[in-house]
Amino acid sequence: LANFTTLNQHEQKATFLKGIDGKRILCLANLRFQKNHFLLLEVAEQLKKSHPDWTFHLVGKDFNDDYSAKLKSEINTKNLSEIVFVYGSKSDTQHCINQSEIAILTSQSEGLPVALLEYGLSSKPVVSTEVGEIPLIITNGVNGFVVPKFDASIFCLSLIKLIEDEALRIKFGQALYKTIISNNSEQAVITNYINWLQD
C-alpha cells in the first residue's frame, strides 16, 4: 500500500515566513544528514546571483546537533542569512506551504517523503533530488523536476525555469495534485486496501 497523508484544514496559523510574497521557496524537512540541506545552500548561493529577491525557508525539527550547528554556520559564512531562514519544527505546516511559491527537497537518501505528498496536495510545483521513491511520484518535466543528487547547478537551473515561468508552476502544481490524489491520497489508499481485502 502506498504512503499517504492528509491536510489539517483546522490548524492554527502561527508561522509567518519572511521574505517577499510570491518569491518563497520552501524545504519541509527535519535537519538531518539524509536531507542534505548543504545542497540547498549551494543552490541558494547560485540563485542569489540571478534572483536575489527569492528566499529559502527551512521548516523541520532542529535537533541542535553538529549538523544543525554546521548548517547555521555555513549560512553565515556564505552570507546567506538574508535569503535562507531556519524555523525549526512547526505545527502549521500547511500554512507554511501555502505561503510558498515553490517547494523543494534536496535529500541524498529517502524513502517516500511525506513532505512531497503534502506539496502535491497543496498543488505546489516541486524540484527534488532523484532519490528513493520520489521518481515514482514525479515524472521529470511532467509534474515537477527531479535532478541528480548533489548536483547544485542542475537543481538551480530547474528552479530558475519555475521562477521565470508562472504558467509552468501552475501546470506542475496541478499535475502533481492529480498524481497524489490518484495514488497517494487517503481515499485512494483506503480504496486499494478494501479492494485487496475483497480479493
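Residues numbered from 1 in each chain as written. Predicted model: local features only at pLDDT ≥ 70, side-chain atom pairs only at ≥ 80, totals over all residues. Heavy atoms only, no water.

**Student:** Help me out: how do you make sense of the overall build of the protein chain in this one?
**Tutor:** Within the protein chain one finds eight helices and six strands. Going residue by residue from the N terminus, the α and β elements of the protein chain occur as β-α-β-α-β-α-β-α-β-α-β-α-α-α. A compact globule built from 199 residues would reach a C-alpha radius of gyration of about 16 Å, and the protein chain, at 17 Å, matches this within 12%. In terms of overall dimensions, the protein chain has C-alpha extents of about 60 × 35 × 30 Å along its principal axes. Counting all 199 residues of the protein chain, 50% fall into the buried class. Treating the 19 positive side-chain charges of the protein chain as one cloud and the 22 negative ones as another, the clouds have centres 3 Å apart. (Helix = DSSP H or I, 4+ residues; strand = E, 2+ residues; numbered from the N terminus. Rg over C-alpha atoms; globule rule 2.2 N^0.38 Å. Buried < 20%, exposed > 50% of the residue type's maximum accessible area, 1.4 Å probe, protein only. Lys, Arg positive; Asp, Glu negative; His and termini not counted. Charge placed at Lys NZ, Arg CZ, Asp CG, Glu CD.)

**Student:** Please clarify how the layout of surface pockets should be interpreted in this entry.
**Tutor:** To locate leftover empty space, one rolls a probe as large as a water molecule over the atoms. Considered as a void within the structure, the largest pocket measures approximately 250 Å³ in volume. Considering the residues around the largest pocket, the lining is formed by 15 residues, among which L28, A29, N30, V59 and G60 are closest to the centre. For the lining of the largest pocket, a count of residues per class yields six nonpolar, four polar and five charged. (1 Å grid on protein atoms, 1.4 Å probe; cavity = no way out; pocket = protein on both sides within 12 Å on 5 of 7 lines; lining within 4 Å. Points joined across faces, edges and corners; volume = space filled by probe spheres on them. Nonpolar A, V, L, I, M, F, W, Y, C, P; charged D, E, K, R; others polar.)

**Student:** Is there a simple way to explain the sheet that holds strand 3 (residues 84–88) in this structure?
**Tutor:** By way of backbone hydrogen bonds, the strands of a sheet pair with one another, either parallel or antiparallel. Judged by pairing direction, the sheet is parallel, and its six strands sit side by side in the order 3-2-1-4-5-6 without closing on themselves. Either end of the sheet is taken by a strand with one partner, and the two such strands are strand 3 and strand 6 (145–147). When the angles between neighbouring strand axes are averaged without regard to direction, this sheet yields 20 degrees. Strand contacts of helix 1 (residues 37–50): strand 1 (24–28), strand 2 (55–59), strand 3, strand 4 (102–105) and strand 5 (126–129), with the helix running at about 165 degrees to strand 2, the strand carrying the most contacts. (Pairing = 2+ DSSP bridges. Axes fitted to C-alpha atoms, helices over the stretch in contact; angles between N-to-C directions. Contact = heavy atoms within 4.5 Å.)

**Student:** Help me understand helix 7 (residues 166–183), please; the structure alone is not making it clear to me.
**Tutor:** Note that an α-helix has 3.6 residues per turn; residues three or four places apart therefore point the same way. Its 18 residues place the ends of helix 7 26 Å apart at the C-alpha level, agreeing with the 26 Å of an ideal helix rising 1.5 Å per residue. Taken together, the buried positions of helix 7 are L168, R169, F172, G173, L176, T179 and I180. Buried residues in helix 7, looked at end-on, bunch into an arc of 130 degrees, giving them a common side. Among the exposed residues of helix 7, those oriented more than 90 degrees off its buried face are E166, A167 and K178. Looking at the buried side of helix 7, the elements it contacts are strand 4, helix 4 (114–121), strand 5, helix 5 (134–137), strand 6 and helix 6 (152–163). If you check the start of helix 7, you find a side-chain oxygen 3.2 Å away from the backbone N of A167, and it comes from D165. (Expected span 1.5 Å × (residues − 1). Arc of directions from axis to C-beta. Polar contact = N/O pair within 3.5 Å; in protein donor to acceptor, adjacent residues only side chain to side chain.)

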